[in-house]
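# Notes for the structure review
Listed below, chain by chain, are the residues.
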Amino acid sequence: MNSTLSLNRPVRNYTLGSFKNPKLIEARPSRHQLCSHLIDFSKLKWFGNVNSRTGSSVQQQLRDYSGESRRITSRRIRVSSNDAQFGSFPNKGGTESSSFAEFITSERVKVVAMLALSLALCNADRVVMSVAIVPLSLAHGWSRSFSGIVQSSFLWGYLISPIAGGTLVDYYGGKAVMACGVTLWSLATFLTPWAAENSLLALLFARAMLGVAEGVALPCMNNMIARWFPSTERARAVAMAMAGFQLGNAIGLTLSPILMSQGGIFGPFVIFGLCGFLWVLVWLSATSSTPDRSPQISKYELDYIMNKRQKSHAVESKPKTKMIPPFRRLLSKMPTWSLIVANAMHSWGFFVILSWMPIYFNSVHHVDLRQAAWFSAVPWCMMALTGYLAGLWSDTLIRNGTSITLTRKIMQSIGFVGPAVALVGLTAAKTPSTASAWLSLAVGLKAFSHCGFLVNLLEIAPHYSGVLHGLSNTAGTFAAIFGTVGAGFFVELVGSFQGFLLLTSLLYFLAALFYIKFSTGERVNFDESADS
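Rules of the game
- Residues numbered from 1 in each chain as written.
- Predicted model: local features only at pLDDT ≥ 70, side-chain atom pairs only at ≥ 80, totals over all residues.
- Heavy atoms only, no water.
- UniProt positions renumbered as here; feature names shortened; annotations may be inferred.
- Helix = DSSP H or I, 4+ residues; strand = E, 2+ residues; numbered from the N terminus.
- Buried < 20%, exposed > 50% of the residue type's maximum accessible area, 1.4 Å probe, protein only.
- Contact = heavy atoms within 4.5 Å.
- Areas by Shrake-Rupley, 256 points an atom, 1.4 Å probe, with all protein chains shown as cover.
- Core = buried A, V, L, I, M, F, W, Y, C linked by side-chain atoms within 4.5 Å.
- 1 Å grid on protein atoms, 1.4 Å probe; cavity = no way out; pocket = protein on both sides within 12 Å on 5 of 7 lines; lining within 4 Å.
- Points joined across faces, edges and corners; volume = space filled by probe spheres on them.
- Nonpolar A, V, L, I, M, F, W, Y, C, P; charged D, E, K, R; others polar.
- Patch = residues over 30% accessible without salt bridge, like charges linked within 9 Å, V, L, I, M, F, W, Y side chains within 5 Å.
- Salt bridge = Lys/Arg side-chain N within 4 Å of Asp/Glu carboxyl O.
- Phe/Tyr/Trp six-rings, centres within 6.5 Å; stacked < 30°, edge-to-face > 60°.
- Lys NZ or Arg CZ within 6 Å of the ring centre and 35° of its normal.
- Bend = angle between axes of the 7 residues up to and from the residue.
- Axes fitted to C-alpha atoms, helices over the stretch in contact; angles between N-to-C directions.
- Parallel < 35°, antiparallel > 145°, perpendicular 65-115°, else oblique.
- Left-handed = near helix turned anticlockwise from the far one by under 90°.

Looking at an unreviewed UniProt entry, the protein chain carries the name Major facilitator superfamily (MFS) profile domain-containing protein, with the source organism given as Gossypium darwinii. Under the UniProt heading Sequence similarities (unreviewed entry), the note attached to the protein chain is "Belongs to the major facilitator superfamily. Sodium/anion cotransporter (TC 2.A.1.14) family." Check the Subcellular location (unreviewed entry) section of the UniProt entry for the protein chain; it says "Membrane".

Here you go:
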């Protein structure tokens, strides 16, 4: 029925059909640029008295539209002033992409920046001994093999904490456990000079305690990124955090000789320890464990994170993880073993390069300590850069439709096959500059594995990522101890670093094949009711 409604003002006639026509309604944009089909209920006075059933129906429709308008207006008024700069709001599906300006100024990037700083301190504290071991060995008359034992004492402690620390991270969250970890490892670093002056046993104990504390760093990083970042940004976030990890190597290797020349052998231990205490104060006061608990986060960013994050992977969507995780189920799946093998090989190569490259440049290419530290530091700067580029590429592949499984395999293949080839080139290098170039290529390509197995931990077991990281880290620590100590004995027996580098290259190839065969980007069912 098309009954004509007369207006108090003779502007034009409206019919019931016109109110059902969305095009006519959309033709009247709101003064405040809200959705154009919303009409203020106060405009009903234009229509005079409406007594028919049809008129009542029209009035009810306009009342409904008005209510929706007020709700949306209220919602947008509550958005913080920081949102205005981002230029857009999330739609109902939350499918839009975050702009670069929003991303780089967001609260979640502040969190990952703090994580990057903590990982920089983590590596700076552990790498100091790689530089200090040269003057300490000369002062105490240590052999190459015993120097390897001193350096590996860090790994003895690192072997203990990853599983227990990962379990604590899953149970208590990354913020609290990370604060405790940084406090303990900064204390161990700060007390290293005192320990070294008293006894060799005290020195080994201090380095072991450093390893115990640093074993929780990467599980905490994974836990915080899983809480703060949607799946389409996690590779980028991990790359940013790990860039700090690699820059910590460069900072430790380049600043340690300078600090030693100014403050003695133990100068860098004191400086880096004090920096760790300062970081803890900022971390506790300026960050939150989850986005919804952050007083600084804008409503836009909170809505964006919650809408974009996959519900099946949301950490908060499940009750608190049990204190005793299902170890048998975790170890019964081949994707778990693909992560364990990848982490073991990653740690082998990482610690061999980190611990022995200053000595390698000193003994093979005959450069002094400061130059050796510099040549060893350049590759870690390259790793920080290539790691972030790998994260961007990885997230782009997934957004463009490439499966998560294929993306992780591509990243991991580059991260292992690339260093394998580059290490072969390193063994043939004749000059320090050429050797540094090959080493930079090896370490730079190694960063792609951060977008492989390291992000993969969050995908196959989001609720057990901490303990799974602990399991794989434990295997990696065994490999790192064997590689670090084994390199010293290998060089003493064979008389060549090059042979050990070729062995490492072969292991990289084999680990890449294993990961390609058994890894997956899909969530794996580790529930007790699942079939084996």
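Now, onward.
## So, the overall build of the protein chain
When helices and strands are counted, the protein chain shows 20 helices and two strands. With 532 residues in all, the protein chain has 56% of them scored as buried. For the protein chain, restricting intrachain contacts to residue pairs at least 6 apart in sequence, the fraction spanning at least 24 positions comes to 81%. When the accessible surface of the protein chain is summed, it comes to about 23,000 Å², and 63% of that surface belongs to carbon and sulfur atoms.

## Things to note about the nonpolar core
Within the largest apolar cluster, 125 residues are counted, with the highest numbers of intra-cluster contacts made by Met-221, Ile-225 and Trp-380. Beyond its immediate chain neighbours, meaning those up to four positions away, Ile-225 contacts Val-112, Leu-115, Arg-234, Ala-237, Val-238, Ala-241 and Leu-458.

## What about empty space enclosed by the protein?
All chains considered together, the criterion is met by three cavities of 30 Å³ or more. Empty space within the largest cavity amounts to approximately 140 Å³. Residue assignment for the lining of the largest cavity shows that the elements contributing at least two residues are α10 (234–263), α14 (334–364), α18 (453–460) and α19 (465–494). When residues in the lining of the largest cavity are grouped by element, the largest group, five residues, is from α14. Among the residues forming the lining of the largest cavity, the class breakdown is eight nonpolar, seven polar and one charged. Each pocket or cavity is described by its volume, and for the second largest cavity that value is around 90 Å³. As for the second largest cavity, its lining consists of Arg-126, Met-129, Ser-130, Gln-151, Phe-154, Leu-155, Arg-207, Phe-351, Leu-354, Ser-355 and Thr-484. Sorting the residues of the lining of the second largest cavity by element identifies α5 (107–140), α6 (144–172) and α14 as the ones contributing at least two each.

## Considerations on the environment of Ala-164
Among the secondary structure elements, Ala-164 is positioned in helix α6. By relative accessible area, Ala-164 is classed as partly exposed at 45%. Through-space distance from the C-alpha of Ala-164 to that of Gly-215 is 9.2 Å; in sequence the pair is 51 residues apart.

## Regarding a nonpolar patch on the surface
A cluster of nonpolar side chains, contributed by Leu-184, Leu-187, Phe-190, Leu-191 and Leu-274, occupies part of the molecular surface with about 380 Å² of accessible area. If you tally residues by element for the nonpolar patch, the top one is helix α7 (residues 174–198), at four residues. By the secondary structure assignment, Leu-274 is in helix α11 (residues 267–286).

## Here's the deal with the pattern of salt bridges
Evaluated as defined, the whole model comprises seven salt bridges. Here Arg-126 and Glu-214 are joined by a salt bridge, their closest N and O atoms 3.0 Å apart. With a gap of 88 residues between them, Arg-126 in helix α5 and Glu-214 in helix α8 (residues 200–214) connect regions that are remote in the sequence. Glu-214 matches Arg-126 in its accessibility class, with the two residues each being buried. Taking the shortest distance from any N to any O, the salt bridge between Arg-408 and Glu-459 comes out at 2.6 Å. In this pair, Arg-408 is assigned in helix α16 (residues 404–428) and Glu-459 in helix α18, connecting sequence segments 51 residues apart. By the burial criterion, Arg-408 is buried, and Glu-459 matches it.

## Structural notes on the packing of aromatic side chains
Applying the stated criterion to the full structure yields 13 aromatic pairs. Three or more aromatic residues joined by ring pairs form one cluster here, namely Trp-348, Phe-482, Phe-490 and Phe-500. Seen from the ring of Tyr-158, Arg-126 lies directly overhead, with NZ or CZ sitting 5.5 Å from the centre.

## Observations regarding the side chain of Arg-227
Within the secondary structure layout, Arg-227 lies in helix α9 (residues 217–228). The class for Arg-227 is buried, based on a relative accessible area of 13%.

## Details of α14
A bend of about 50° at Trp-356 is the largest found in α14, and the proline Pro-358 appears one to four places after it. With 25 of 31 residues buried, α14 lies mostly within the body of the structure.

## A few points about the packing of α16 against α18
Axis separation between α16 and α18 bottoms out at 10 Å; the angle between their running directions is 155°. Regarding the angle of α16 to α18, the classification is roughly antiparallel. The two elements α16 and α18 cross, and the hand of that crossing is left-handed. Mapping the contact onto sequence places Ile-404, Arg-408 and Gln-412 in α16 and Phe-453, Val-455, Asn-456 and Glu-459 in α18. Residues that form the contact of α16 with α18 fall into these classes: three nonpolar, two polar and two charged.

## Points about the packing of α6 against α19
At a minimum axis separation of 7 Å, α6 and α19 run at an interaxial angle of 175°. Taken together, the axes of α6 and α19 lie roughly antiparallel to each other. Class assignment of the residues belonging to the contact of α6 with α19 gives a composition of 14 nonpolar, 12 polar and three charged.

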